[in-house]
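Listed here are the chains, written in short residue letters.
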Amino acid sequence: MTEEVAIEVRRAYKRYGRKQNANQILNNLDMTVPKGSIYGLLGASGCGKTTLLSCVVGRQHLNSGVIRVLGGKPGAKGSGVPGPRVGYMPQDVALVGEFTVKGALKYFGWICGMKDTEIEERFEFLNDLLELPPNDRYVKNLSGGQQRRVSFAAALVHSPELLILDEPTVGLDPVLRSGIWDYLVELTADKEVTVIITTHYIEEAKQANIIGLLRQGKLLAEKSPIQLMTAFNTPNLEDVFLILSQRQDAENRAGSIPTHADCLHDSSMDQEKESKLSSITSNITEKCKHIKQYEASVSGRMRALLTKNFQKIIRHWGGLFFIFGFPVLELLAFFFAIGGEPQGIKLAVVNDELGNVTNCKEYSSHYPTKPILHEDQSCDYYGLSCNYLDRLNQTKVYFEDMETALESVRRGISSGVLHFSSNFSKELHKRQDEGKDASNTTIRLSELGVNLDMSNRQIALSVEKNLLETYLDFAADAMRTCNLSAKLAKIPMQFKDPVFGAVDQNYTEFMAPGLVISMVFFLSTILTATIIITEKNEGVWDRSIVAGVTTTEILISHIMTQVVSMLLQVVIVLVVTFGVFRIPCHGSYTTMAILIALQGFSGMCFGFLVSVICDNLTTANYFSLGSFYPYIFLCGMLWPLEGMPKFLRVVAVCLPGTVPILSLHNILERGKSIVESQVYIGFIVTAIWIVLQCSLCIVILKIKNK
């Protein structure tokens, strides 16, 4: 009776990179693993073990050659590979740190279609076998050896037909290693389970039924340990490996094996060999026609994936703070720090009209500081400089001369200097009476001299605005005191009620739409990219796919999780912005909320794109940070688009947030509805960016998987 074969690899070639610069990993490799055996795959780091195992479980594809696993082609529909027929323990732990010990086994059990009662029974058995840590301990809090035991249990939980173990006994106690090997021997003997195991402990591999010695992408030998040691007359496997390695080097130098250039050829097999290989494949397939088709339920896989995603967030304090606390912290910092009127500004005052008195309160207690209206309706002005200074809402520091006052500005003590001439009130009265006949001297002496520090433009503009408003108020009051119309003191221009917005709108209200959209966008981006890249780097992504989930299912589960997180962030942002800080909204709150949520979804898609482009968190952080600042500078949040050069304005409009921010301005400040072009254009642009980013993700994934 012919021995059944669990895995058969024929003329396998695998390389990375382009042909002319390719790195050959597997070089014309043949391997046969009988069913119900322990196959020990031995070799140094970089010899191709992990690549070979990845091809066996369907995570990578050969450049040429054929692999058959459990009677079918890895990845074929219904083959169960990847899927529940395989138990895979990678060299890395590849478990979610936020899982409990029992939760890790439940995750892989659910993926493979197991019921909770079945998982519980297997957990009890594996707990005794592997001496697992307490079942409520988090994986991230376990030692390296404990984590590997949990990882081993996760590969065994669903009693697979094929067990692939990459360095399962590294860091384990010798007694526990011995117990694991005894269990593997029992599995293969009683249940016809096939095991492929790689190990650093070459001598412990003597317990395997077959040893495959892998070096430079080729199997040097594939026999039982006893046969190998007998054939080479050595007491241990290490000497066998050494002898075979030396022979391989000698053959390489003699040129008796295929050269590197030959191995790069995809079409290396001629038609006759292809025909023989197809015949072998057909025979294997025919023998395995009646093998059970394994199909775990989609609901079980989605249950596992969603549980994993939410537990990673809920059990990670940093993640929870990022979702719930960080938006609040950012909004508090913004609303308390931005838009307020500058306080505590000091102005130097040189008032020659006061004489030796340097305090207006002292002056006003002895002398008049308002115009005096006589019976003949004539007015005389006295001490008007003090009248003005009393109205001025700034901290005032008095100096006796201009040079000392200017020096205080140069030293950063004051933000500007106000200078009143010795006859300020009289000359102002004279200027008013003489009108167009007033001399240049009268005009000059009736003016309030102002020297500002313009190095901080915002403070200088604030002081300038305060000085002007105070003067207009002071002059209007003077007109009324003299029984004249207050309008005579104003400039001949009347600002009536604004069409949109408010007269006293501050800078905070202008920036609020841009802040809300940009914050929701980038919070979603960072959260999505970080979680997916972390999952890939930790090996959880690949291990989940080997267990039977699809890439589409993983992405859908992340979309569902991130949408919930994003919507919670949107609610928090809206409550704080419009509920706590009372930013006015003259349009529909529903339209506003939908637009902001769609921008969050667009940010989430951008996070997926970042995770596809970048292989590690460092690169992803550079990418996200590098895109954040151009977005903020160009989206119209800090400065109107009309203030940019025309070519830069075109670039700005093409960004994902610029047009939606303008739409949100129209909703909040102009009360526009979604049926108006100024609003629905923001929805259209957001939808275009979502489709564009998703399409780019698909294209890049296809390119990377070639």
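Everything numeric in this text was worked out from a predicted model, so none of it was measured.

A. Seen up close, the overall build of the protein. When you go through the protein residue by residue, the secondary structure sums to 25 helices and 15 strands. Expressed as a percentage of its 706 residues, the buried residues of the protein come to 49%. Of the contacts made within the protein by residues no fewer than 6 positions apart, 73% connect residues no fewer than 24 positions apart. On the protein, roughly 35,200 Å² of surface is accessible, and the fraction owed to carbon and sulfur atoms is 56%. Taking the 67 positively charged and 70 negatively charged side chains of the protein as two groups, their mean positions are separated by 6 Å.

B. A look at the pairing of strand 10 (residues 346–351). The element strand 10 is extensively covered by neighbouring structure, given that five of its six residues are classed as buried. As defined by bridge partners, strand 10 adjoins strand 14 (residues 416–420) across four bridges and the pair is classed as parallel. Looking across to strand 14, one finds that Asn351 is bridged to Phe420.

C. Spatial organisation of the side chain of Thr508. Structurally, Thr508 can be placed in helix 18 (residues 507–537). Judged by relative accessible area, Thr508 falls into the buried class, the value being 8%. Excluding residues that lie within four positions of it along the chain, Thr508 makes contacts with Phe334, Phe335, Ile338, Gly339 and Ile583.

D. Fine view of the nonpolar core. Among the nonpolar cores identified, the biggest contains 116 residues, and Leu163, Leu184, Leu213, Met592 and Ile596 are the most heavily contacted of them. Here this core gets 15 residues from one element, more than from any other, and that element is helix 18. Setting aside residues no more than four positions away along its own chain, Leu184 makes contact with Ile38, Phe152, Leu163, Leu165, Val195 and Ile197. Counting residues in hydrophobic clusters, the runner-up holds 31 residues, among them Leu26, Leu53, Tyr88 and Val546.

E. Here's a closer look at the sheet that holds strand 6 (residues 162–166). Pairing is mixed across the open sheet formed by six strands, whose spatial order is 5-6-7-3-8-9. Edge positions in the sheet fall to strand 5 (86–89) and strand 9 (218–223), since each has one partner strand and no second. Within the sheet, the average angular offset between the axes of one strand and its neighbour, ignoring direction, is 15 degrees. Bridging between strand 8 (residues 210–215) and strand 9 involves five bridges; their strand directions are antiparallel. Bridge pairing in strand 9 links Leu213 to Ala221. Against the sheet, helix 4 (residues 144–156) engages strand 5 and strand 6, with an angle of about 170 degrees to strand 5.

F. Molecular detail of the packing of aromatic side chains. Applying the stated criterion to the full structure yields 22 aromatic pairs. Each ring, one from Phe99 and one from Tyr107, has its centre 5.2 Å from the other, and the planes form 45 degrees; the classification is tilted. Judged by its relative accessible area of 2%, Tyr107 falls in the buried class. Sitting over the face of the ring of Trp541, Lys536 holds its NZ or CZ atom 4.9 Å from the ring centroid. Of note, Arg543 hangs over the ring of Phe108, and the distance from its end group to the ring centre comes to 4.9 Å.

G. Quick peek at the state of the cysteines. For the structure on display, the rule yields one disulfide. Covalently, Cys379 is tied to Cys482 through a disulfide, its sulfur atoms 2.1 Å apart. The sign of the -115 degrees torsion about the S-S bond sets the Cys379-Cys482 disulfide as left-handed. Here Cys482 lies in the loop between helix 17 (457–481) and helix 18 and Cys379 lies in strand 12 (residues 379–380), a separation of 103 residues in the sequence.

H. Highlighting the confidence of the model for the protein. Across the protein, pLDDT averages 85, with 91% of residues at or above 70. Counting contacts from residues 257–295, a segment whose pLDDT is below 50, to residues more than four positions away or on other chains yields 49 contacts.

I. Inspection of helix 20 (residues 551–580) at higher detail. For helix 20, built from 30 residues, the straight-helix expectation of 44 Å at 1.5 Å per residue is met to within 8% by its first-to-last C-alpha distance of 42 Å. Backbone geometry just downstream of helix 20 places Arg582 in the positive-phi region, at approximately 55 degrees.

J. Here's a closer look at the pairing of strand 7 (residues 194–198). Burial of strand 7 is extensive: five of the five residues sit out of reach of the surface. Of the two faces of strand 7, both are covered, the one formed by Thr194, Ile196 and Thr198 as well as the one formed by Val195 and Ile197. For strand 3 (residues 38–42) and strand 7, the ladder comprises four bridges, and the chain directions are parallel. Following the sheet pairing, Leu41 is matched in strand 7 by Thr198. Bridge analysis of strand 6 against strand 7 gives five bridges, and the strand direction is parallel. If you follow Leu163 over to strand 7, its bridge partner there is Val195.

K. Quick peek at the sheet that holds strand 13 (residues 395–398). As summarised here, the arrangement of the four strands in space is 13-10-14-15, forming an open sheet in which the pairing is mixed. Strands at the two margins of the open sheet, each flanked by one partner only, are strand 13 and strand 15 (449–452). The sheet shows a mean angle of 25 degrees between the axes of neighbouring strands, direction not considered. By the bridge criterion, four bridges tie strand 10 to strand 13 in an arrangement that is parallel. Looking at the pairing, Leu347 lines up with Lys396 of strand 13. In the packing of helix 17 onto the sheet, contacts are made with strand 10, strand 14 and strand 15, and the angle to strand 15 comes to roughly 165 degrees.

Here is what the cut-offs are and how they apply
Residues numbered from 1 in each chain as written. Predicted model: local features only at pLDDT ≥ 70, side-chain atom pairs only at ≥ 80, totals over all residues. Heavy atoms only, no water. Helix = DSSP H or I, 4+ residues; strand = E, 2+ residues; numbered from the N terminus. Buried < 20%, exposed > 50% of the residue type's maximum accessible area, 1.4 Å probe, protein only. Contact = heavy atoms within 4.5 Å. Areas by Shrake-Rupley, 256 points an atom, 1.4 Å probe, with all protein chains shown as cover. Lys, Arg positive; Asp, Glu negative; His and termini not counted. Charge placed at Lys NZ, Arg CZ, Asp CG, Glu CD. Pairing = 2+ DSSP bridges. Core = buried A, V, L, I, M, F, W, Y, C linked by side-chain atoms within 4.5 Å. Axes fitted to C-alpha atoms, helices over the stretch in contact; angles between N-to-C directions. Phe/Tyr/Trp six-rings, centres within 6.5 Å; stacked < 30°, edge-to-face > 60°. Lys NZ or Arg CZ within 6 Å of the ring centre and 35° of its normal. Disulfide = S-S within 2.5 Å. pLDDT = per-residue confidence, 0-100. Expected span 1.5 Å × (residues − 1).

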